[in-house]
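# An overview of the molecular structure
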There are 2 protein chains.
Amino acid sequence: MAPRVVKQARAERTRAAVMQAAAEVFAENGFSGASVMKIADRAGVTLGGVYFHFRSKEELARAIVAGQPDFVVPTETSRGLQRAIDTTRTWAGQLAENPMLRAGARLVWEQDRFMPAGENSHQQWTTVMAEDLQAAVDSGEVKPEVDIESIARMIVNACTGAQMHSYVETGHEDLVERVEEIWRCLMPALGVSDQCNGVKGIGRE
Amino acid sequence: MAPRVVKQARAERTRAAVMQAAAEVFAENGFSGASVMKIADRAGVTLGGVYFHFRSKEELARAIVAGQPDFVVPTETSRGLQRAIDTTRTWAGQLAENPMLRAGARLVWEQDRFMPAGENSHQQWTTVMAEDLQAAVDSGEVKPEVDIESIARMIVNACTGAQMHSYVETGHEDLVERVEEIWRCLMPALGVSDQCNGVKGIGRE
């Protein structure tokens, strides 16, 4: 490898290490309890090393919150309604072990401190859910009179609440079950029949 | 009034003032950011005055979280499904102005620090919702095959998430609207017809 390429690869590794450390520190301490110094220590880099990649604690928190949907990639190659279900189940199943997702969950209510006005995790996830549900309407899976925007927003709200309560009650152990329950409750609202048209992952298999 | 009665009335006023001050301090600082000293200062009583009524910061937080359903009393004398809707709407409408409810919302994710194992706001509210929904099933308003426990838990989850997101997006200004939306989405899941059988307060009047 040419020196410039080596240097670039090293810079990318450092950036990733800083992000990872920031996620851990935010997950443990929240936004106000975290400091760039703590993050640098955790990543094993100098303060200058952090600031080379991120201008501030705010920018770090922003990168983590804005990146949430990219951190949740279901292994299934599903579409439409099944994709929406798989995404929420993947998120629920990985939350306890994945610092990026735990940080995202922990930062939810402090977002006004660092996200630009009109941008937040709630809207991001609502958009993701609404796209999948719209695909489900287009393919005839979900009945056309369903208010996709409202249902998408409600799913995101219910998952957020389930996350908080599951954390308090079981340290996130029953979160997948809680998410499956949400989908089960919603099937009639989506006009999906009792047999669920082959939908998987809602605790009825 | 006899002196003993005067004394008792004064003690009750102090206790109420301490609760109110604690709610304000918890709402602003969360559980870990609050101290008994801050609460005493806010209430205008001595530290000893606080400890006469509450043994610890934990006991204060417990009293506020455990009392949440008592702080939400809809003015309507409704029953069943309408009662469940009225309760969530009253909570949503009063949250921004009521320190007791704001403290309850703020303390949700720190509950494991002070609530006894197996007791938390989520379960309290799920019980309240399930009772009203069960009454709705008994009166034939809601179809009998609905899984009341699951729907009740989901409503509480969705309201918790709506509270958090509405806070970030509008400082709780659109919370009533978000709660109405949740109920609107759920009507088909409850087997309530499109005309909503005269149900009020879900944004369809």
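Identification of chain A as TetR/AcrR family transcriptional regulator from Kribbella antibiotica is taken from an unreviewed UniProt entry.

### Focus on the environment of Lys-38 of chain A
Residue and element names in this part refer to chain A. Within the secondary structure, Lys-38 is located in helix H2 (residues 36–43). Overall, the relative accessible area of 37% leaves Lys-38 in the partly exposed class. Along the backbone, Lys-38 and Lys-200 are 162 residues apart, and their C-alpha atoms lie at a distance of 42 Å. Non-local contacts of Lys-38, meaning those with residues more than four positions away in its chain, are made with Val-25, Asn-29 and Gly-33.

### Observations regarding the relation of the copies chain A and chain B
When chain A is fitted to chain B, the residual RMSD is 0.0 Å, and the transformation amounts to a turn of 180 degrees plus an axial shift of 0.0 Å. Both copies of the chain, as the preceding transformation shows, are related through a two-fold rotation axis. Ranked by how close their C-alpha atoms come to the rotation axis, the residues of chain A are headed by Ala-158 of chain A, at 1.9 Å. Looking at chain A, 100% of its interface residues are interface residues in chain B too, so the copies touch through the same face.

### Observations regarding the domain arrangement of chain A
Residues and elements named next belong to chain A. By domain assignment, chain A separates into domain 1 (3–64) and domain 2 (68–198). Across the boundary between the two partners, domain 1 contributes 14 residues, which contact 14 residues of domain 2. Surface buried jointly by domain 1 and domain 2 totals about 1,300 Å² across both partners, of which 67% is contributed by carbon and sulfur atoms. For domain 1, the biggest contributors to the area lost against domain 2 are Phe-31, Arg-62 and Ile-64; these three give 38% of the whole. The interface formed by domain 1 and domain 2 contains 0 salt bridges. Applying the counting rule to domain 1 against domain 2 returns 4 residue pairs in polar contact (both at pLDDT 80 or more). When contributions to the side of domain 1 that touches domain 2 are tallied by element, the ones reaching two or more residues are helix H1 (3–29) and helix H4 (57–66).

### Remarks on the nonpolar core
Membership of the largest hydrophobic core comes to 76 residues, with the highest contact counts inside it found for Leu-81 and Trp-183 of chain A together with Leu-81 and Trp-183 of chain B. Leave out the neighbours within four places in its chain, and Leu-81 of chain B touches Asp-132, Leu-133, Ala-136, Glu-141, Val-142, Trp-183, Met-187, Leu-190, Val-192 and Val-199 of chain B. Of all hydrophobic cores here, the second largest spans 25 residues; its members include Val-18, Ala-34, Val-36 and Phe-114 of chain A.

### Quick look at the UniProt feature "domain: HTH tetR-type" (unreviewed entry) in chain A
Using the residue numbers shown here, the UniProt feature "domain: HTH tetR-type" (unreviewed entry) corresponds to residues 12–72 of chain A. The annotated region residues 12–72 of chain A carries 77% helix and 0% strand content, and the separation between its end C-alpha atoms amounts to 21 Å.

### Side note on helix H9 (residues 148–170) of chain B
For H9 of chain B, which comprises 23 residues, the first-to-last C-alpha distance of 31 Å matches the rise-based estimate of 33 Å (1.5 Å per residue) to within 8%. Where H9 of chain B terminates, the next one or two residues include Gly-171 of chain B, which has phi positive at roughly 60 degrees.

Cut-offs applied
As a convention, each chain's residues are numbered from 1 in the sequence order in which they are written. Following the order in which they are written, the chains are lettered starting with A and the ligands numbered starting with 1. Local features are withheld for residues below a pLDDT of 70 in this predicted model, meaning they are given only at 70 or higher, and side-chain atom pairs are given and counted only at 80 or more; totals for whole chains, interfaces and linings count all residues. The basis for every side-chain value is the complete set of non-hydrogen atoms in the structure, without hydrogens or water. Put simply, DSSP H or I for four residues or longer makes a helix, DSSP E for two residues or longer makes a strand, and each gets a number counted from the N terminus. Accessible area is worked out with a 1.4 Å probe on protein chains only. A residue is then buried under 20% of its type maximum, exposed over 50%, and partly exposed in between. Pairs of residues are marked as contacts when any of their non-hydrogen atoms sit within 4.5 Å. All copies are superposed by least squares; the fitting set is the C-alpha atoms of residues with a pLDDT of at least 70 in both. Domain start and stop points were drawn from an automatic or database domain assignment. As used here, buried area is the combined drop in accessible area, with a 1.4 Å probe, of two parts when they are placed together. What makes a salt bridge here is a side-chain nitrogen of Lys or Arg within 4 Å of a carboxyl oxygen of Asp or Glu, nothing more. The term polar contact refers here to a pair of N or O atoms within 3.5 Å; inside protein, the definition further demands a hydrogen-donor-capable atom paired with an acceptor-capable atom, and it admits residues adjacent in sequence only when both atoms are side-chain atoms. To form a nonpolar core, buried Ala, Val, Leu, Ile, Met, Phe, Trp, Tyr and Cys residues must be joined to one another through side-chain atoms within 4.5 Å. UniProt positions are given in the numbering used here, feature names are shortened, and annotations may be inferred rather than shown by experiment. The span you would expect from a helix comes to 1.5 Å times its residue count less one.

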